[in-house]
Amino acid sequence: MAAPAPSAPALRLDGLGKRFGTTDAVVDLSLTVPPGEVFGFLGPNGAGKSTTIRMLLGLLRPTAGAARVFDVPAADVERAHRWLAYVPADVALWPSMTGRECLDLLAGVGPGTDGRYRDELVERFALDPDRRARTYSTGNRQKVALVAAFSTRAPLLVLDEPTSGLDPLMEREFRACIAEAAARGQTVFLSSHQLAEVEAVCSRVGILRSGRLVEVAGLADLRRLHRAEVVVELGTAAPDLQHLADLPAVSDLRWSGPLRLELSLSGPPGAVLRALGDADVAHLEVREPTLEEIFLDYYGQVPA
Amino acid sequence: MTTRTAPDRAPGSTTPPVPPRSAARAATAAALREVRRGTAVLALVCGGMTAMVALQYRGMDGALGAGSLAALAENPAIRTLFGPPAGLDTAGGFTVWRTGTVLAVLVGIWAALTATRLTRGDEEAGRWDLLLSGRLRLGTLVTRVLAVVLCAAALVGAAAGLGLALAGAGVRGSVLFGACLAGTGMVGAALGVVGAQLFGERRSASGLAVAVLLGTLLVRMVADGVPALSWLAWTTPFGLTGRVAPFAADRWPPLLALGLLVAALGALAVVLHAGRDVGRGRWAGRDRRTRPSRLLTSLPGLAVHRVRRPLAGWAAGAVAYFLLIGLLATTMTDFLRDNAAFAELAAQAGFAQLGSVQGYVAALDTLLALALGAFAAGRVAATAADEAAGRLALLYSRPVARARWAAVEAGTTTLAVAVLAVAAGLATWAGAAWVDAGLGPGEALAGALAVLPVALLCLGAAIAALGWAPAAVLPLGVTPAVGGYLLLVFSDTFGWPSAVRALSPFAHLAAVPAEPWHAPGAAGMVAVAAALAALGLAGYARRDVRT
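Residues numbered from 1 in each chain as written. Chains lettered and ligands numbered in written order. Predicted model: local features only at pLDDT ≥ 70, side-chain atom pairs only at ≥ 80, totals over all residues. Heavy atoms only, no water.

Named according to an unreviewed UniProt entry, chain A is ABC transporter ATP-binding protein originating from Blastococcus saxobsidens. The UniProt entry for chain A carries the following text under Sequence similarities (unreviewed entry): "Belongs to the ABC transporter superfamily." Taken directly from UniProt, the Subcellular location (unreviewed entry) text for chain A runs: "Cell membrane". (UniProt positions renumbered as here; feature names shortened; annotations may be inferred.)

As a further point, take the overall build of chain A. Tallying secondary structure elements over chain A gives 10 helices and 14 strands in all. Dimensions of chain A, computed from the C-alpha atoms along their principal axes, are close to 75 × 40 × 40 Å. Among the 304 residues that make up chain A, the fraction classed as buried is 51%. Surface summary for chain A: the accessible area is close to 12800 Å², and the carbon and sulfur share equals 51%. (Helix = DSSP H or I, 4+ residues; strand = E, 2+ residues; numbered from the N terminus. Buried < 20%, exposed > 50% of the residue type's maximum accessible area, 1.4 Å probe, protein only. Areas by Shrake-Rupley, 256 points an atom, 1.4 Å probe, with all protein chains shown as cover.)

Residue and element names in this part refer to chain B. If you trace the backbone, His 273 turns up in helix H10 (residues 253–273). With a relative accessible area of 17%, His 273 lands in the buried category. Discounting chain neighbours no more than four positions away, the residues touching His 273 are Leu 138, Gly 139, Val 142 and Gln 197. (Contact = heavy atoms within 4.5 Å.)

Once the domains are mapped, chain A shows domain 1 (11–218) and domain 2 (227–288). Between the C-alpha centres of domain 1 of chain A and domain 2 of chain A the distance comes to 43 Å. (Domains from an automatic or database assignment.)

Residues and elements named next belong to chain B. Within the fold, Pro 470 resides in the loop between helix H18 (452–468) and helix H19 (473–494). Distance from Pro 470 to Ala 248, taken between C-alpha atoms, is 47 Å for residues 222 residues apart in sequence. Each residue touching Pro 470, except ones within four places of it in the same chain, is listed here: Ala 384, Ala 465, Arg 543 and Arg 546.

Further remarks concern the interface of chain B and chain A. The partner chain A presents 46 residues to the 43 residues of chain B that form the contact. Together chain B and chain A conceal approximately 3800 Å² of surface at their shared face, both sides included; 54% is due to carbon and sulfur atoms. Connecting chain B to chain A are 7 salt bridges. Residue Asp 128 of chain A pairs with Arg 288 of chain B through a salt bridge whose shortest N-O separation is 2.5 Å. Contributing elements (two or more residues each) for the side of chain B that touches chain A: helix H11 (299–327), helix H15 (393–396) and helix H16 (402–434) of chain B. (Buried area = accessible area lost by both parts, 1.4 Å probe. Salt bridge = Lys/Arg side-chain N within 4 Å of Asp/Glu carboxyl O.)

Here we come to the domain arrangement of chain B. Looking at the assigned domains, one finds that chain B contains domain 1 (25–284) and domain 2 (296–547). Each of domain 1 of chain B and domain 2 of chain B was reduced to a C-alpha centroid, and the two centroids are 25 Å apart.

The next point concerns the packing of aromatic side chains. Taken as a whole, this structure holds 9 aromatic pairs over all chains when the rule is applied. Judged by centre distance (5.0 Å) and plane angle (40 degrees), the ring pair of Phe 41 of chain A and Phe 189 of chain A falls under tilted. Within this pair, whereas Phe 41 of chain A is found in strand S3 (residues 38–42), its partner Phe 189 of chain A is found in strand S8 (residues 187–191), the two being separated by 148 residues in sequence. Among the residues examined, Phe 41 of chain A registers a relative accessible area of 0% and is labelled buried. Assessed through its relative accessible area of 0%, Phe 189 of chain A is described here as buried. Their ring planes at 80 degrees and their centres at 5.8 Å tell us that Tyr 485 of chain B and Phe 506 of chain B sit as a pair that is edge-to-face. With a gap of 21 residues between them, Tyr 485 of chain B in helix H19 and Phe 506 of chain B in the loop between helix H20 (498–501) and helix H21 (519–542) connect regions that are remote in the sequence. Taken together through their ring pairs, the aromatic side chains of Phe 39, Phe 41 and Phe 189 of chain A make up a single cluster. Lying over the aromatic face of Tyr 117 of chain A, Arg 153 of chain A brings its terminal NZ or CZ to 4.3 Å of the ring centre. (Phe/Tyr/Trp six-rings, centres within 6.5 Å; stacked < 30°, edge-to-face > 60°. Lys NZ or Arg CZ within 6 Å of the ring centre and 35° of its normal.)

In structure tokens form, the structure reads like this:
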């Protein structure tokens, strides 16, 4: 496989929009993913993740804007798809073809496949490739698509909820494959609901809500921008600390006992530390929010 | 979610939702919704066609003499192709003879395809998993859907009988004919449900049901043509319709046999559902194959892989049918030369020059055009079905433009259609050579290949539909052949203006091998087909992929 233009972004979406009838599925989405990045694409059901991915694959025609893959227009699939491999959320295969035949076909029409790596992946994902596709479970069909995608060693991997049917062992294998791909310099565009997975493998995430991109940030920045959970344990009671709740950076002050308090902190921690300075603090813990907490913040919901 | 409503009653004391009275009734209603439109269309077609032919006969005012009638009744070729003629001296009898077989095949195939669509199709798509997670059992669901499709077929038969009766053909015969047609449709429906229990894929189930149904048509042909085997007629709906002989003998006992046949097949379908898993057929085939197909490494290879089995099935059917046509060539032409009145009537129905073996073959090759057109449209419909099922998403994520894959499929289908035509031509020649009918292999092949432009028109129309109306590929694809054929027959019957007649592709076909090949007509049709295909490919490349 020849290399794509070295300076071009792996993926560039410019004001991308898609309207189905009167419904705006995706609105004015602009995003650039540089080569070598592992990018997480988050959003609840129906936010427009799959629609965006299908537009950047040229399966759907944008009603506004444009998508480019290594500077090739997404609609020019014969060129653009030489640089990418795709795993759909719902993998459909011809029922009478075996897994191996599906892999052979995809390799045959693709831009080039590393046969030895493919055999290794079949082993690692514990896929029985001689079974007909009609006997495969959702997870097994997903494995076929994953093996086909990873074995191309394409510079860009577009993965649309690729692990929704995989068991934890296979998911661990999947994360290892992503790490190997990232180490080789491949770009990964990963749409997922599995926030722990995104947290484990992605360096930057974009959050989509109702077809609009509401946040794009590195994971570390994202955490910094958001509230931290602070847990304070005291040696002696300090009633004065009640006024911590008045500080603008503090929200949700909870006393779980006379000697233990928890609070959510957004912004710099200086004022809180000064207030704690006079108290008899026995233990202080500052915990960064999980991606799940950040995610839920965006959608204004707390787990039940 | 932490939002909670005020606890006005203790948790757990909420009244459970009231279930509908009968889950089976809900399943029946769902099946009814799926068949009602097709049933209405087919009932109109059948009722309209029988009424029209009966009225046409009455307009001719007894031009068919008693001598011709007697000869018709005696001739094995006529009996074989159009079914045993009986009661041709009445409008009803003539209509039954002229339209009976065609309508029975149409209704039977429709019922079989509808049955497999509602059973195996819904099951394959996973819709039955949801239904069966409720209170419904598989047996109840199979029985209910079977009942609905049987009723739909019965309604279509009743409409045909009603059309005849309204055209003044006599009530007793109309009722019997309607019952025969209904019975044939019901056999098709039951065969469809049987196929759905045996095979895990809708295509295989449909193939089995249609093949068995058309096989019973061939059995009837044999039973009518070979006196020693005439008892075989009691085993096929087409043969039983002949035994009933509406408007002639008006026998009802064969109807009982037809009813028994339907009941037996229906019972078989219900019995077969037991002991199989939901989502799988009883004949699952082997689940493993250790030697991968060598074809599946390129787009043309995939296209060939996908067309192999359907082509083999269609070729087997075409060879069997056209071998029989060839074998009957001499008996048919001898008869026609001796019956001027019948030849004239045949000419009026679109069968010109039946008197020579070449004319006879040319006339029957028209039917080949219908088959080839249906095959071509069916292949494109399979591509549309692959797309709707999401099977093309992975292929299209590779450097494969949609228009390229569609073009590869179209090219493969064109070759397959040509193979089918050659097979039919050679079979006609082989049959005719066996009885020394005086038909050369070149003539037989030329006759079969001459109808290719019509099949290409169907292919072009189907590709245009794939690009612009992907939900209607099959109906739009067969329109040039089926619609064109009906348009020609109606134009000739009712003397419609020549501009209307010229819209039919068949108006531009010469009766090869009786007449020389009409190159401008063929070139024109190929040009239109190419334009339609180009339009369709452009649309397919532009539009959104459906999943």
